[in-house]
Amino acid sequence: MNRSSTFSRHVIFRPLTRLLLCGCLAWNVVKSHADRVTAPDDMGWKFQRGDFPQVIQPGTDVSGWREVTLPHDWSIEGPFAATNRTGGAGAFLPSGVAWYVQDFNTPPEWMGQRVFIHFDGVMQNSDVWINGIHLGHRPNGYVSFEYELTGALKSQGTNRIAVRVDTSKQPASRWYSGAGIYRHVRFLVMNPLHFVTDGVFVSTPVANISLANVRIQACLTNQDEKSRSVLVQGMLCGPDGHVVASRETSLMLPAGAGEQCQLELPVIKPSLWSPDSPVLYTATTRILERAREVDEITVTVGIRDIQFSAAQGLLVNGKKLMVKGVCLHHEGGAFGAAVPLAIWQQRLSALRLLGVNAIRTAHNPPDPGFLDLCDRMGFLVMDEFFDCWTVAKNPYDYHLFFREWSARDAADTVQRDRNHPCVILYSIGNEIHDTRQPSAAIPIARQLVAICHANDPTRAVTQALFRPNATGDYTNGLADLLDVIGTNYRDPELLAAQRRVTSRKIINTEQKHDVKSWLELRDHPSLAGQFLWTGVDYLGETHVWPLVGHASGLLDRTGIIKPMAFERQSWWSQSPVVHIVRRIAADDKMPKDPGYGGPELYTQVQFADWTPLRQDGHLEKVEVYSNCREVELFLNGQSLGSKPLPSNASPREWLVPFVPGVLKAIARNHGKETATDELRTAGKPSAILLQPCSLSLGCSWEDVAIVRAMVVDASGTEVPGADNRISFQVTGPAQIVATDNGDNSNPGPFQSTVRNSLNGLCTVYVKADPNARPGDSTPVTLTASAPGLVRGQCSLSLVKSDL
């Protein structure tokens, strides 16, 4: 496929007039040397639940409305109730119609420029007005979109932006989706001659340790009334900020026309991006007119080569890399859908400790900030678009809009996300029920694959197939439309399909946590990898009140690693690990197709403590998870014997007569100690120990201090059975924004400053005040207290955000 001809089809799926939409603000501006001015538009919004169509007109009184800062998810504020129409799928949280309004004056410098407003995501069925003029409607709550404001702005007087969101028709989702303007908003002010939105595409068609070719493809538009002759310049800077390559070309743009250009920038001995070394360059593309900068776009670039192989799975920079992935929904526990990046950073860091190197964005386009974070942290991403096509999974889900909107939503998402080095795959659907009718499904799949290829010919396309043997996907041609064939669960069927057609490239797009599925991946190098369901517990997808969350994660909702995850770490981690757990029962039996074969139960049966409920003499089943050759177990200093690494990846097991004290495991490789783990019997609750994930707190919206409150005994050992009710207070320029303990069966307001500990733990989240500044001399001090316990305290220093 010719790359240049493919790129020329850019406007087929996203008409040039649509591409002229962008975003920024005239206060707190960030201005380059060019005419482009960008700044967040997250402050100064008024919010009200209910339907108030009259507020689209400037001057309509909204003084009694609540002032909010975006991103904002109003549904997570609750209350939880069995009568909420979202049901268990939506975590029994509220839905309905709500409005956001913002009033502002047009700055003089905007005159003669083109002005746009950009939304990273609005949940859902959004309508936007400027000064009573309807700008557009967008049903999909996960896609980014924008509108041009230029012709409707007032040069004098007050402008009003009004946004209506509607989640009233339920059920509309299989998981908690949130409600409101839950991602960032920005204005953007540009010269009439500018780059179109998402119109600068940077790829690396050649990338090896000796040489890279960085290709910049740019779409420009001239909204002026006269022709303009310009120079387009591309410049690549290395991680140290120094220029490593540059190129330029000349263009003539007639009035009202668009044009495209391509620049090739060679880089000698580049530093390659990979999960182990996520090195980022920056590519700056400028429009110059008579030596004056007219527009400028800067994007981060990861120089890397990604190839899928039928024999070896995934190759990153020519080396085989096993995809050790997890599926993640978009919400952040107590924060709902409006998730600060600090929450994702903590979660991804914990997952990295377990050996995870890839994320599947189940089952929708993610927040673009999440992809920025994955670029920096070195996570691979499968970027998924849809959970349904034309066949419903819920009465009011996306199937109602698929025929009208799917092509545009898919193209917009590909163009938005294609500059992220972390993105290695696009997924056009999850468990799509249309496949039961191949005559309908195959044309849809063909169109979606073509849209991906037209807008980004550098990445492979997959689909999470659903019961493919039953629907004939492997034999009727649907699966072979995909660059990489994805299948949920059913690995033996996928591997058999590859044996029949050996050129097929395959990946497991969703999988259970069991050892059988791990062995299928470990022992079949042609399988590129797997994505576990799930990485983190999430809200929704339950069936019975008061259960509000799904407990399938390696981490609980607060980001704490579960004991069951240590087994996965022993399979996936490259570092020596050893962990001891008590097992009190077998795992719940899972249906063959989770989500469709009956209710899923995730009863906790593994405990990382030596404090069982029974304190009398009895046998405890102890499992030790380790990737080391030998593990020796000790109880109160006495050896209980050594066991070698099983070839079938099963845990090493002991039946241990319970005696209070210390249970210790020592792992060795070739006789040398490499890792240890220790469990101690806890006494009665005595105190609260506060453990912040970081002692510093950034001053941006994205920053959150995550502090664990642990109930401990007199010697400082965590008391696993403690359920004390803990009250939190903060002094200084900060506020408690949420508390949580990860309990999926005990709904309560996350905004409360009081929370019961669960298994001896709960979590409090603290944010800096909006007016707080780095280095503020007033300390931020958090205190936790509970009747009968010594209170806990910790201090946080305010710093400049690095998110």
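Conventions used here
- The residue count restarts for each chain, going from 1 along the sequence in the order it is written.
- Local features in this predicted model are restricted to residues of pLDDT 70 or higher, and side-chain atom pairs are both shown and tallied only at a pLDDT of 80 or more, whereas totals for entire chains, interfaces and linings draw on every residue.
- Hydrogen atoms and water are omitted, and side-chain values are computed over all heavy atoms in the structure.
- Helical segments are the DSSP runs of H or I of at least four residues, strand segments are the runs of E of at least two, and each set is numbered from the N terminus.
- Any residue under 20% of the maximum accessible area for its type is buried, any over 50% is exposed, and the rest in between are partly exposed; the area is computed with a 1.4 Å probe on protein chains only.
- The axes used here are C-alpha line fits, helices contributing only the stretch in contact, and every angle between their N-to-C directions lies in the interval 0 to 180 degrees.
- Angular relationships are summarised with four words: roughly parallel below 35 degrees, roughly antiparallel beyond 145, roughly perpendicular across 65 to 115, and oblique for the angles in between.
- The crossing is said to be left-handed when, going from far helix to near helix, the turn is anticlockwise and less than a right angle, and right-handed when the turn is clockwise.
- A contact between two residues is defined here by any heavy atoms of the two lying within 4.5 Å.
- Residues are grouped as follows: Ala, Val, Leu, Ile, Met, Phe, Trp, Tyr, Cys and Pro are nonpolar; Asp, Glu, Lys and Arg are charged; all remaining types, including Gly, are polar.
- Centres within 6.5 Å make a pair out of two Phe, Tyr or Trp rings, where for Trp the six-membered ring is used; the pair is then stacked when the planes are under 30 degrees apart, edge-to-face when over 60, and tilted otherwise.
- One bridge is not enough; two strands pair if DSSP finds at least two bridges between them.
- When the sulfur atoms of two cysteines come within 2.5 Å, that pair is taken as a disulfide.
- For salt bridges, the criterion is a side-chain nitrogen of Lys or Arg within 4 Å of an Asp or Glu carboxyl oxygen.

Draft legend 1. Molecular detail of the environment of tyrosine 176. Inspection of the secondary structure assignment puts tyrosine 176 in the loop between strand 10 (158–166) and strand 11 (185–190). Taking the relative accessible area as the measure of exposure, tyrosine 176 reaches 2% and is therefore buried. Spatially, the C-alpha atom of tyrosine 176 lies 29 Å from that of isoleucine 56, the residues being 120 residues apart in sequence.

Draft legend 2. Representation of the packing of helix 4 (residues 402–417) against helix 5 (residues 438–455). Running from N to C, helix 4 and helix 5 point in directions that differ by 30°, and their axes come no closer than 9 Å. With respect to helix 5, the element helix 4 is oriented roughly parallel. Judged by the sense of rotation from one axis to the other, the crossing of helix 4 with helix 5 is right-handed. Listed contacts from helix 5 to Phe402, Ser406, Ala407, Ala410, Ala411, Val414 and Gln415 of helix 4 are Ile444, Gln447, Leu448, Ile451, Cys452 and Asn455. Here the residues of the contact of helix 4 with helix 5 sort into nine nonpolar, four polar and no charged.

Draft legend 3. Looking closely at the packing of aromatic side chains. The tally for this structure, following the rule as stated, stands at 21 aromatic pairs. Between phenylalanine 52 and tryptophan 65, the ring centres sit 5.4 Å apart and the planes meet at 55°, which makes this aromatic pair tilted. Placement of phenylalanine 52 in the loop between strand 3 (45–49) and strand 4 (66–68) and of tryptophan 65 in the loop between strand 3 and strand 4 is noted, with a sequence separation of 13 residues between them. Residue classification places phenylalanine 52 among the partly exposed residues on the basis of a relative accessible area of 24%. Centre to centre, the rings of tryptophan 610 and phenylalanine 658 are 5.2 Å apart; their planes meet at 50°, and the pair counts as tilted. Highlighted residues: tryptophan 610 in the loop between strand 35 (606–607) and strand 36 (619–626) and phenylalanine 658 in the loop between strand 39 (652–657) and strand 40 (662–669), separated in sequence by 48 residues. Neither residue differs from the other here; tryptophan 610 and phenylalanine 658 are each classed as buried.

Draft legend 4. The arrangement of the sheet that holds strand 10 in detail. On the basis of which strands lie adjacent, the open sheet formed by six strands has the order 4-3-5-10-7-8 and antiparallel pairing. At either margin of the open sheet sits one strand with a lone partner, and together these are strand 4 and strand 8 (133–138). Within the sheet, the average angular offset between the axes of one strand and its neighbour, ignoring direction, is 25°. In terms of strand pairing, strand 7 (residues 126–130) meets strand 8 through five bridges, oriented antiparallel. Among the inter-strand pairings, valine 128 is bridged to a residue of strand 8, identified as glycine 136.

Draft legend 5. The arrangement of the state of the cysteines in detail. Evaluation of the coordinates by the stated rule reveals zero disulfides. Not part of a disulfide, cysteine 452 finds its nearest cysteine sulfur in cysteine 422, a span of 15 Å. Given a relative accessible area of 1%, cysteine 452 falls into the buried group.

Draft legend 6. Quick peek at the pattern of salt bridges. This model, assessed by the stated rule, comprises 36 salt bridges. Note that arginine 286 and glutamate 296 form a salt bridge whose closest N and O atoms lie 2.8 Å from each other. Pair noted here: arginine 286 is in strand 19 (residues 281–289) and glutamate 296 is in strand 20 (residues 292–301), with a separation of 10 residues, a long-range link. For arginine 286, a relative accessible area of 14% corresponds to the buried category. Here arginine 668 makes a salt bridge to glutamate 632, at a shortest N to O gap of 3.0 Å.

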